[in-house]
Structures are given as C-alpha cells and as structure tokens.
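Per-entry structural report
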Amino acid sequence: MTDAATRLANVRAEIARACRSARRDPADVTLVAVSKRRSGEEIEALIEAGQRDFGESRVQEAADKWPALRLRFPDVRLHMVGRLQSNKAGHAAELFDVIHSLDRPSLLAALANEEASPPCFVQVNIGVEDQKGGVDLAILADFLESVRASPVELAGLMAIPPSEHEAAPYFALLADLARRHGVAGLSMGMSSDYAQAVMLGATIIRVGSALFED
Ligand SMILES: *Cc1c(COP(=O)(O)O)cnc(C)c1O
C-alpha cells in the first residue's frame, strides 16, 4: 500500500470502530479529506487510494487546484469548510458541491441569489468565541428559519469546538441542537477528535492532518 492508502485505511478503521461502539452504520458517516495547503500530487495519492470527498478552506486556493483534478476525477465532491466572504459566494457556488460555513444573513442572501447554490451546513459558534465564525446560539432558531424559507438547501449544522477545551461536550451540544431543530446532518470532528464526533452522531467529519504527511 502507498503511504496515503495506509493513512486512509487507518482513519477508516477508526471510523468503523467508533461506529461499532455507537451501533451506527459506517455508511452514514462521510469522510471529508481537508486538503488545504496540500499539493495536487498529495491529493491525487488519496484519490488513487479511493477517497472521494475533499475539503478546502479558501475559494482562491480551490480555484487554483481543483478544476484540473476534477477533469481527471469527475466523481470527486468538493466541500467548502472555511470562512466564506459574501462577494465570493458566486465563485464558491461554481466550485463546491457542499458549503459547511453558512453563518450570516448576508452570505445567505448572496447564495440565494445564485442560480444554483450548493446545499449548506449552518455553522454554529458553539463555544461562544468572539473571533470564531458561526451563528450565535441566541439567534440560531431565527437563522435556520430564514434558511428554510430560502432556496438554499439546509444540509445540517457544523461547528468547530474551542481548541483549548475537550471537544465531546460541544459535539453533544451540537447534536442536541440538530435534534431540537429537526436538522439531519452534523458536520463535526477533525483529526484529533473525529472518533468521538462519530460516537456522538457526526454524519460528516473533516479530517486533514491524519490523512496527509506532515
Ligand atoms: C483544517 C480544517 C480541518 C481539518 O483539521 P485537522 O486537524 O488537520 O484534521 C477541519 N475543519 C476545518 C474547518 C478546517 O479548517
């Protein structure tokens, strides 16, 4: 096996273990390989190993790297996981299949204006951090209502827990919010905590460093 194939197999095995202990079907968990700052060759090695969902955090970087890869691997799905400026909504709608970072009315309006907006996860500021993206908990219900009233498809909720805290309580809180608001998808979990996220109900995990060489 190539190194990329070994890393991918290890992450998949860990997902399978977490699913077994939570009595979940691994088919209900999508692994997104976050390939920001990774080269075309590194990405290609993972595609050759069978990975199909990839995430990027900047529109320009995705525009530089992915059109060529997509021509060769048309069944790849591309996820926008980083902060998205409203003036780049059109470009993002062309490049990405899913957006994980819908977090404010101006961005919703910009995406709703596009002929075809990708399905969007609403990012929640789960740790109530000033510097972090995400909708405030206090206005989440209203914001979800406005997404549902728009042409943009609501894919689920997404969050990045505060880095200095244990992640599990934040994953549990996000899962609870999704249940309460009747939202199906849960985008949560990164390299250091994706197994916990899967045990707490993640339907889509965003894993970078565990899948790529340092
Ligand atoms: C970089 C990034 C990830 C992946 O982080 P790792 O710790 O490398 O797995 C996941 N989600 C978002 C939003 C990111 O920017």
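The rules behind each value
Residues numbered from 1 in each chain as written. Predicted model: local features only at pLDDT ≥ 70, side-chain atom pairs only at ≥ 80, totals over all residues. Heavy atoms only, no water. Near = heavy atom within 4 Å. Areas by Shrake-Rupley, 256 points an atom, 1.4 Å probe, with all protein chains shown as cover. Nonpolar A, V, L, I, M, F, W, Y, C, P; charged D, E, K, R; others polar. Axes fitted to C-alpha atoms, helices over the stretch in contact; angles between N-to-C directions. Helix = DSSP H or I, 4+ residues; strand = E, 2+ residues; numbered from the N terminus. Left-handed = near helix turned anticlockwise from the far one by under 90°. Contact = heavy atoms within 4.5 Å. Buried < 20%, exposed > 50% of the residue type's maximum accessible area, 1.4 Å probe, protein only. Pairing = 2+ DSSP bridges. Right-handed = clockwise from strand over helix to strand, strands pointing away. Polar contact = N/O pair within 3.5 Å; in protein donor to acceptor, adjacent residues only side chain to side chain.

Moving on, we get to the site of the ligand. Around the ligand, the surrounding shell consists of Val 34, Lys 36, Val 81, Ile 160, Met 190, Ser 191, Arg 206, Val 207, Gly 208 and Ser 209. Coverage of the ligand by the protein amounts to 81% of the 390 Å² it exposes when considered alone. For the shell around the ligand, the per-class residue count stands at five nonpolar, three polar and two charged.

What follows concerns the packing of helix H2 (residues 40-48) against helix H3 (residues 59-72). Taken N-terminus to C-terminus, the directions of H2 and H3 make an angle of 30°; their axes are 11 Å apart at the nearest point. Between H2 and H3 the crossing geometry is right-handed. Side by side, H2 and H3 meet where Gly 40, Ile 43, Glu 44 and Ile 47 of the first sit next to Lys 65, Trp 66, Leu 69 and Arg 72 of the second. In terms of residue class, the contact of H2 with H3 is made up of four nonpolar, one polar and three charged.

Glancing now at the pairing of strand E1 (residues 30-34). The buried fraction of E1 is high, at four of five residues. As paired strands, E1 and strand E8 (residues 204-207) are joined by four bridges and run parallel to one another. Bridging across to E8, Thr 30 finds its partner in Ile 204. Where E1 and strand E2 (residues 53-56) come together, two bridges link them in parallel fashion. Looking at the pairing, Val 34 lines up with Gly 55 of E2. In this view, the connection linking E1 to its parallel neighbour E2 by way of H2 has right-handed handedness.

Attention shifts here to the side chain of Asp 103. Position of Asp 103 among the secondary structure elements: in the loop between strand E4 (98-102) and helix H5 (105-112). A relative accessible area of 10% places Asp 103 in the buried class. At a separation of 2.8 Å, a polar atom in the side chain of Asp 103 contacts the side chain of Arg 104. Leaving out residues up to four positions away in the same chain, Asp 103 has contacts with Arg 83, Gln 123, Gly 133, Gly 134, Val 135 and Phe 143.

Turning next to the pairing of E2. Judged by which residues are buried, E2 turns out to be covered on both faces: Asp 53 and Gly 55 on one side and Phe 54 and Glu 56 on the other are all buried. Where E2 meets strand E3 (residues 77-80), four bridges bridge the pair, whose relative direction is parallel. Looking at E3, one finds that Phe 54 is bridged to Leu 78.

Attention now moves to unusual backbone geometry. Where the residue is not glycine, phi is negative for most of them; where a peptide bond is considered, it is trans in most cases. The phi dihedral of Arg 23 is positive, around 50°, even though this residue is not glycine. Topologically, Arg 23 is positioned in the loop between helix H1 (3-21) and E1. One non-glycine residue with positive phi stands out, namely Arg 37, at about 65°. Structurally, the position occupied by Arg 37 is in the loop between E1 and H2. Classification of Arg 37 by relative accessible area gives exposed; the value is 69%.

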